[in-house]
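Commentary on secondary and tertiary structure
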Amino acid sequence: MNSQLAKIFLEIAEYLAMDNIPFKPAAYEKAARGIESLKKDIEDIYREEGLDGLEKIPGVGKSIAEKIEEYIRTGKIKYYQELKKEYPVSLLELSSVEGLGPKHIKTLYDKLEIKDLADLEKAAREGEIEKLPRFGKKVQENILRGIEFVKAGQGRMLLGSALPLSEKIKQRLEGREEAEKVEVAGSLRRMKETVGDLDILAVSGKPEKLMEYFCSMPEVEAVLAKGETKSSVRLVQGLDADLRIVSAESYGSALQYFTGSKDHGIKLRRIAQEKGLKLNEYGIFKGEKQIAGQSEEEVYETLGLKYINPEIREDAGEIEASRNNKLPKLVNYDEIKGDLQMHSTWSDGSASIREMAQAAKKIGYEYIAITDHIGKLKIAGALDEQEVLGQWNEIDKLNKELDGIKIFKGAEADLDEKGRPEFSEEFLSKFDLVLGSIHSKFRMAKDDMTQRLINALENPLINIIAHPTGRIIGRREAISLDIEKVIEAAKENKKILEINCYPDRLDLKDQHIRIAVEKGVRLSLGTDSHSPDQLPYLKFGLAQARRGWAERKDIVNCLNLGELKKVLTN
DNA sequence: GCCGTTTTCGGCCCGACTGTTTTCAGTCG
């Protein structure tokens, strides 16, 4: 419901922009972003708090709240349908083509009756588009290229894939003598779970040379735009990358500007205005004079703010917290002492327990939990009781033999439709820690599913709920769940919720983490590694934790061995 | 249409690049 509504409002924004109506498009876009980043189902908000609740959503006022109400009640929004009637075009589909905006789309419809991607492609191939006023041959070619890109289904890339790619490009640029400084900005620096493109910032005394190199890197498939300070390329990996070059005195303000988020930046510039200053990517200006901009710290300080970590720059209260000196002290990577979910060859992993433990020790961990699947279900080579005994035997031996790393006897127990672990209670009580997780019956009704997890949380034999919402980014929807009730149940039963670090899971996600943190529910980080090379996935889960405002005290992996044992036996 | 340490009206972030034009509209982030 949330993303459906967000899409409708984005489309309304496009319609209004087509007619050159000022300011309203930005208002609808902001409302769409506000709805998209909600922590709760918008239907629940409406049911519990009515129109007043809706108006509390950032960017939503009286008029849009009423439209949301109308949609929840009738499944339709009259205003939207009238716009749609006037211009029966697939707006979001068309505007997903790079370089195609509302004005062009209007012209294309008015002159050529182009309604969707198929119409667009046909007209472009037949050479109709270049004949239009203010269009030309190049526009037509760009449209055809853009259509290819959309059709290739290239959308956002997982953080887990984009981060290594950006590192590689960063290293390439850093290897050039004309590059004085290179940094990856954008949503990647904010460590969002997926990124739409790579934003790279550089300081250089010879920008032309660096631009030239950037546009000719082996990863570049096509150059979309090339200028003195800004270029844009399409990478063979199916992602766009932008390079912006600024001078050293503008580095901080440029980094701030290109890191975003959009709403965070807008609010900062408003604050600058209120102080009679101007903030842009080149610095903070008092009249013509630059008074800050070398470093991000300086930019925030000049605006009367404490430095804000990139992960929480979402205009979700961080600016107010910064002003009042109430920012969280975000959990750091060097505070992590172990990994609490991984698999071995005993179930579906590809490495032995010894190999996993040795790799973990090399990272510097104090402990790991081996959490192979157990139970009757044949998923992922689940162990039966006899096999569990064998595994414990091996873990006991390794714990005696290996110094400096403790291996916990863990298990990932499948939860049935009532939230019961499918394994004997006698055995479960002997594990050091038990993860309960859902691997089947993903489509239960919301109330039943919520109760399923609450039951599991009330079970004294279960310590942690693993990947609580079951989503797989880009492939599987999260289970239908009242997340607040689940978090509440975790609190009441003093249980732990997992942040699964696997790049396509990241579950709980940032917004859920923030609710858990606010309620004081403890969280665990588990990579769900199936081989040693996956242990570094921890940083992706940690990034989500930071995006959810988690501090050291919120993450059980920050406890030392003794402290953690105590928590697990409670 | 939204919003308020200039509050219920009058503002609304800011600049680079492209392509089609001879000064700028459109798009993007």
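Just so we're clear, the structure is a prediction, and the values are computed from it rather than from any experiment.

Glancing now at the pattern of salt bridges. Under the defined criterion, the tally for this structure stands at 48 salt bridges. Here R471 and E193 are joined by a salt bridge, their closest N and O atoms 2.7 Å apart. One end of the pair, R471, is in the loop between strand 16 (464-465) and helix 21 (483-492); the other, E193, is in the loop between helix 11 (186-189) and strand 3 (194-195), and 278 residues separate them in sequence. Exposure remark for R471: the relative accessible area of 10% places this residue in the buried category. In this structure, E484 and K519 form a salt bridge, with 3.8 Å as the shortest nitrogen-oxygen distance.

Turning next to helix 22 (residues 510-519). Counted residue by residue, helix 22 has eight buried out of ten residues, so it is predominantly covered. Among the residues of helix 22, those classed as buried are D510, Q511, H512, I513, R514, I515, A516 and V517. Buried residues along helix 22 sit in contact with helix 21, strand 17 (496-500), strand 18 (523-526) and helix 23 (538-547). A positive phi of about 80 degrees marks G520, the residue just after helix 22.

What follows deals with unusual backbone geometry. The amide bond that connects G260 to the next residue, S261, takes the cis arrangement and shows omega of -5 degrees. Residue position: S261 is located in the loop between helix 13 (251-259) and helix 14 (262-274). Backbone torsion omega between D507 and L508 reads 10 degrees, so that peptide bond is classified as cis. Mapped onto the fold, L508 is located in the loop between strand 17 and helix 22.

On to the packing of aromatic side chains, then. Pairs of aromatic rings are described using the distance from one ring centre to the other and the angle between the two planes. Counted under the stated rule, the structure contains eleven aromatic pairs. When the ring of W392 is compared with that of F427, the centres are 5.8 Å apart and the planes differ by 35 degrees; the resulting orientation is tilted. One end of the pair, W392, is in helix 18 (residues 385-401); the other, F427, is in helix 19 (residues 425-428), and 35 residues separate them in sequence. Of the two residues, W392 and F427, neither departs from the other in class, the shared state being buried. Relative to F427, the ring of F423 has its centre 5.9 Å away and its plane inclined at 80 degrees; by these criteria the two rings are edge-to-face. For F423, a relative accessible area of 13% corresponds to the buried category. A relative accessible area of 11% means that F427 is categorised as buried. Aromatic rings pair up to connect W392, F423, F427 and F431 into one cluster. Stacked on the ring of Y213, the Lys or Arg R176 has its end atom at 4.2 Å from the ring centre. The aromatic ring of F540 is capped on one face by K539, whose charged end is 5.2 Å from the ring centroid.

If you check the domain split of chain A, you get domain 1 (2-153), domain 2 (157-245), domain 3 (260-323) and domain 4 (333-569). Between the C-alpha centres of domain 2 and domain 4 there is a distance of 36 Å. Contacts between domain 2 and domain 4 engage nine residues on the former and eleven residues on the latter. For the pair domain 2 and domain 4, the summed buried area comes to about 800 Å², and 67% of that belongs to carbon and sulfur atoms. Considering only the surface of domain 2 that becomes buried against domain 4, L158, M191 and E193 emerge as the three largest contributors, covering 57% of it. The interface formed by domain 2 and domain 4 includes one salt bridge. Across the contact surface, domain 2 and domain 4 share three residue pairs in polar contact (both at pLDDT 80 or more). Broken down by element, the side of domain 2 that touches domain 4 gets its largest block of residues, three residues, from helix 10 (residues 159-174). For the side of domain 2 that touches domain 4, the class distribution of residues is four nonpolar, two polar and three charged.

Before going further, it helps to spend a moment on the sheet that holds strand 5 (residues 220-226). Strand order across the open sheet formed by five strands is 2-4-7-6-5, with mixed pairing between neighbours. The sheet is open, and its two edges are formed by strand 2 (179-185) and strand 5, each paired on a single side. Strand-to-strand twist in this sheet, taken as the mean axis angle between neighbours without regard to direction, amounts to 25 degrees. Most of the contacts of helix 12 (residues 207-214) go to strand 7 (residues 240-246), to which it runs at about 170 degrees, and overall it touches strand 2, strand 4 (197-204), strand 5, strand 6 (230-235) and strand 7.

Pairing is antiparallel in the open sheet, where three strands are placed in the order 8-9-10. The sheet is open, and its two borders are formed by strand 8 (278-280) and strand 10 (289-292), each paired with just one other strand. Averaged over all pairs of adjacent strands, the angle between strand axes in this sheet comes to 40 degrees, irrespective of strand direction. Pairing geometry for strand 8 and strand 9 (residues 283-286), over three bridges, is antiparallel. Across the sheet, L279 pairs through a bridge with I284, a residue of strand 9.

Thresholds, definitions, all that
- One numbering rule holds for all chains: residues counted from 1, following each sequence as written.
- By the order in which they are written, chains take letters starting at A while ligands take numbers starting at 1.
- Local features in a predicted model are, by the rule used here, given only for residues with pLDDT of at least 70; side-chain atom pairs are given and counted only at 80 or more, and totals for whole chains, interfaces and linings are based on all residues.
- The basis for every side-chain value is the complete set of heavy atoms in the structure, and neither hydrogens nor water enter the calculation.
- Salt bridge, as used here, is a side-chain nitrogen of Lys or Arg placed within 4 Å of a carboxyl oxygen of Asp or Glu.
- Strands are runs of DSSP state E lasting at least two residues, helices are runs of H or I lasting at least four, and both sets are numbered from the N terminus onward.
- Only protein chains enter the accessibility calculation, which uses a 1.4 Å probe. A residue is then buried if its area is under 20% of the maximum for its type, exposed if over 50%, and partly exposed in between.
- It only takes one pair of heavy atoms within 4.5 Å for two residues to be counted as in contact.
- Two aromatic rings from Phe, Tyr or Trp, using only the six-membered ring of Trp, form a pair when their centres are within 6.5 Å; if the ring planes differ by under 30 degrees the pair is stacked, by over 60 it is edge-to-face, and anything between is tilted.
- To sit over a ring, a charge needs its Lys NZ or Arg CZ within 6 Å of the ring centre and within 35 degrees of the ring normal.
- Domain delimitation follows an automatic or database domain assignment.
- By convention, the term buried area covers the 1.4 Å-probe accessible surface removed from two parts as they join, with the contributions of both added.
- Whenever a nitrogen or oxygen atom comes within 3.5 Å of another N or O atom, the pair is scored as a polar contact, on the condition that within protein one atom can donate a hydrogen and the other can accept it, and that pairs from neighbouring residues in sequence are kept only if both atoms are in side chains.
- As a working rule, the residues Ala, Val, Leu, Ile, Met, Phe, Trp, Tyr, Cys and Pro are called nonpolar, Asp, Glu, Lys and Arg charged, and the rest polar, with Gly in that last group.
- Between any two strands, at least two bridges found by DSSP are needed for them to pair.
- Between the N-to-C directions of two axes lies an angle of 0 to 180 degrees, each axis being a line fitted to C-alpha atoms and, for a helix, fitted only over the stretch in contact.

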